[in-house]
Every structure is written in structure tokens, then in C-alpha cells.
Amino acid sequence: TRGNPATRGQPVPRQFLGLLAGKERQPFAVGSGRLELAQATIDPANPLTARVIANRIWTQHFGEGLVRTPSDFGTRAERPSHPELLDWLASRLVAGGWKLKDLQRLIVLSSTFRQSSAGPEDAAQLATAQQLDPENRLLWRMNVHRLSFEEFRDSLLASSGQLDLTSGGRAVELFKSPFPARRTLYGLVDRQFLPGTLRMFDFANPDLHIPVRSETTVPQQALFVMNHPLLLERAQALAKAVPADADGAGRVTAMYERVYQRAPTPQQTAAALAFIASAEDPDAAPPAVPTAADWQYGYGAVDETAKRVAGFTPLPHYTGSAWQGGTAYPDTAGLGWVQLTAKGGHPGNDRQHAAVRRWTAPRSTAVRIRYELKHEPEPGDGIRAFVISSHSGMIATATVHHSSASLSLDAPLAVEAGETIDFVVDIGDQLNSDQFLWHVTIEERGSEAPAAAPLTKWDSSADFTPQTIVQLDAWEQLAQLLLCANEFVFVD
């Protein structure tokens, strides 16, 4: 009584809500009562359930419900804008056997749904409507609303011809490459680690009751559609899906029909062809040399007699910021502490598992090497470092303990195409606090003059990534433009 667990009232049997069932309600008598509760919930004499469902379906199509508070039809809620319409839709739903598809068909075939968002063509009527009903509660025009992220992702896949319509099956990770083509309905939602992309696009918090999603416009959304591999790959697929043997205007028309379900206007066709011509400008600057591809990250041992690296093996796992032996660090399966990052790393547990950052000469040329090596911790005996060429052998060695060492080969070093230069660190005599920092630059020199600018420069920190920049061609860029436009993202 009054919320005090120590003051108990009379036992209350399982039964339906008295406000709805009336004074003659009877306790549930079959099992737990769940079946009787469900039957009472959808009883034709109880119109509330059907009203709530009809209002939510209306909200999905119009962006705003006849009742603006979908989960609150109580005395504090806003009254329906069209109470008779809501009751009629609810009664149609019940009479039709609770078939949601039939109710949706009824709504989308209505003249109300098929209105333009522009409103009446007559200027005087339009001005009057805007003055009397600026919020469009009387539905004198269509409401423009943005696609949810789920709708947007499915539309991307459908436009590029990749959407997988298979029903059923396990949930899939939406943002793990290679990106799945399943409908977003089957996307994995981890409540503890909800992907940041879903939060960015106003995905409902799975831990809370969210009757209506918020709709924000933030810069991160635009950056996503400009740069995320999910959208870039869809743009590439869309460009490949249109017939390559058609003329320029024919390809533009095919692309518009796939994305917007309409043909482009003459002005849009001309603008698209002008864009293609500008993007294919032969005088445009060539892309930057992909120096990151010339680096490898692995482990091995230094053969001090032969002055070579023995048993170089690439590290098998990349975390997004480090190469190492496995998902766990240190790797308990055998490779131990060996790790390489953009700034340095850690050698393995013994000299046979030294950390090796390998550079491979892409062509026969001359280079100059500079590096700065640091070992910061006081414990232990420090580390041993080696710079070794696969052709000329040992270039430099250093032993550092709570100190630093640097190297500057001002005289150009001739290298052959395919020659490797390894930057190696091992534990010295014992495994103890062997983490290190090592920044390396390799400059390709076409001139003996010290002040001459390098032809190409490799930087161990700046180049540290296994990913290359996706360069879209002209038609792929046009596809991306169409997929980013408001006509695609908004429903009118």
C-alpha cells in the first residue's frame, strides 16, 4: 500500500486493465494468462491498440503521425490532427485481419500521399495555406523527410544492383569489410559497442524507449558520404552497372534512372557531361606516388656472420594502428611481444623474433637514409638495432639503452630494383622494457647537390598504413554525386 513493501494490501489476480475492461472484468484463468492478455489487447472492443499501430504506420509514410506522440495517447498528449481518420484507419486494420501490408497499400495509393511537397500551384492558395497551417497539420502538401540510415543504406545497395533480398539468417556486421549486401534489417546491433556511424545518423538508442527518432544535420554525415568506403564502393559498383558501350548521354540517362527512377533533364545531362569532361582532363596533376606500398612489417633474425636478415616473415595481424602476432597483445600463440607501429614498436621475446621494418626499392636508383632511434625506459639492458641491405649487407648498427642514436647517410646509396633495406631491432641480451621509437626517412636523389629536392620521399611514420587512397574515375565521381544529392537522401 502506497509503495511500502512492508504494508501489503489484498492480492490482485492476473487480469486486464480495469480502465478498459470495465467493472465486470474477470481474472485470467488459463495458465499464466499471457494468451488472454494478448486476446484482450487486440479485442475489437479495445480500439487503442489498432489506433497506435495505424498511427505508427502513418508516421513511417508521412514523417509525422496523426498523433505526434506515438507512445502516449493519454490526457497529456497532443490530440490527433484527424481523429475520424485515425479511427477509420484503425477499424480498417481490425476488419482486414490486422494485415499491415493492406493498410500500407491503402495509404500509399491515396491522393494525400501522392501530393507534391510544393503545395497548390495557385500562388494565392499557396500563400493562404502557408499562413493558416504553416506546420502542414491539415496535409495540404506532402512532408519532405530524410531517409533513415537503414533506408539510405538499402537504397545505396539497390541503386548499385547489389541488394541481397534473401529473407532470414544471422545478423551481419554492417561496417566490416567486405561490406555485406544484406538488408540493413539484418544488421548486428551490439548494445555495448554500437557503431559510431549509426549514432551519427540518429539511430535509436537500443537501451531506451525511443518512440520518435531525432533528425540532426551535422558535418560528420557529409564527411561519411564523401569518404567512407561503404559509399565509395557503391559508387564504383553503380558506375560499372550502367552500359559502358553507350554514348555519354546514354550512360548519364541510365545512371539517373537507376538512382532517381527518372530521366535527367537536358540541362542535367549537359551538366553531367561537362563534369565528366572536366574530371577526365589529361592536364590534371597525376596522383601522388603510393610510397606506403613499398614497406613491409615482419619479424626475423640477424645473421651477424652473413650480415643479412634470416627468416623474414610478415606479421599476420593488423589492428588498425599496429602490426603484431594476433588479436591479443602480446601474442600468446608464439610471436610474443613483437609489434611495429607508425612511430616504433617492440621486438619479440628472443633474438629470433626481432622486429623488422622492411623497405623495398621500387626501381634502380640512389637514395639517402636518415633515422632517429630512441630507447626511453631505464630498466633492462636496452636494444640492438641494425640497418641491413639485401645486396650490400650491414649499413649501420647501434646499441641504445635509455638513450638515442641517429644516422644520416649524406652520400647517395645505389640500390637495385627489388633490393630490400631492413630496419631491425632485437632485445639485446634479455627481454625487459624493450619498446622503442624509430623514425626513418629515405629520399630518392637524382642529383649530387645536397640542397636538391628529392624525387620521391619515403617516411616510416607517414607511410604506415596498409590502405591506399581510393581514386574514383570520372564516371564513379558522377555516381557519387548522384548518391549524395538531396533528391536521393530525401523522400518527396
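Below: a short report on this structure. (Residues numbered from 1 in each chain as written. Predicted model: local features only at pLDDT ≥ 70, side-chain atom pairs only at ≥ 80, totals over all residues. Heavy atoms only, no water.)

**Overview of empty space enclosed by the protein**
All chains considered together, the criterion is met by 1 cavity of 30 Å³ or more. Taken as a whole, the largest cavity holds about 50 Å³ of empty space. In terms of lining residues, the largest cavity is bounded by Trp58, Phe62, Glu64, Gly65, Leu66, Ser81, Asn136, Arg137, Leu139 and Asn143. A per-class count over the lining of the largest cavity returns 4 nonpolar, 4 polar and 2 charged. (1 Å grid on protein atoms, 1.4 Å probe; cavity = no way out; pocket = protein on both sides within 12 Å on 5 of 7 lines; lining within 4 Å. Points joined across faces, edges and corners; volume = space filled by probe spheres on them. Nonpolar A, V, L, I, M, F, W, Y, C, P; charged D, E, K, R; others polar.)

**Remarks on the packing of aromatic side chains**
For the structure shown, the criterion picks out 18 aromatic pairs. Residues tryptophan 58 and phenylalanine 62 carry aromatic rings whose centres are separated by 4.1 Å and whose planes lie at 15° to one another, so their mutual orientation is stacked. Taken as a pair, tryptophan 58 and phenylalanine 62 lie in helix H3 (residues 48-62) at a separation of 4 residues, close to a single helical turn. Phenylalanine 62 matches tryptophan 58 in its accessibility class, with the two residues each being buried. Note on tyrosine 318 and tryptophan 323: the rings are 5.0 Å apart at their centroids and 40° apart in plane angle, and the pair reads as tilted. Taking relative accessible area as the criterion, tyrosine 318 reaches 23% and is therefore assigned partly exposed. (Phe/Tyr/Trp six-rings, centres within 6.5 Å; stacked < 30°, edge-to-face > 60°. Helix = DSSP H or I, 4+ residues; strand = E, 2+ residues; numbered from the N terminus. Buried < 20%, exposed > 50% of the residue type's maximum accessible area, 1.4 Å probe, protein only.)

**Examining the layout of surface pockets**
Left-over empty space is what a probe sized like a water molecule reveals as it rolls over the atoms. If you add up the space inside the largest pocket, you get close to 1100 Å³. Along its surface, the largest pocket is lined by 35 residues, and Gln60, Ser148, Glu150, Glu151 and Arg213 are the ones closest to its centre. Quantified by volume, the second largest pocket comes out at close to 480 Å³. Along the wall of the second largest pocket there are 18 residues; nearest its centre are Leu147, Glu151, Ser155, Phe488 and Val491.

These figures capture arrangement, not role.
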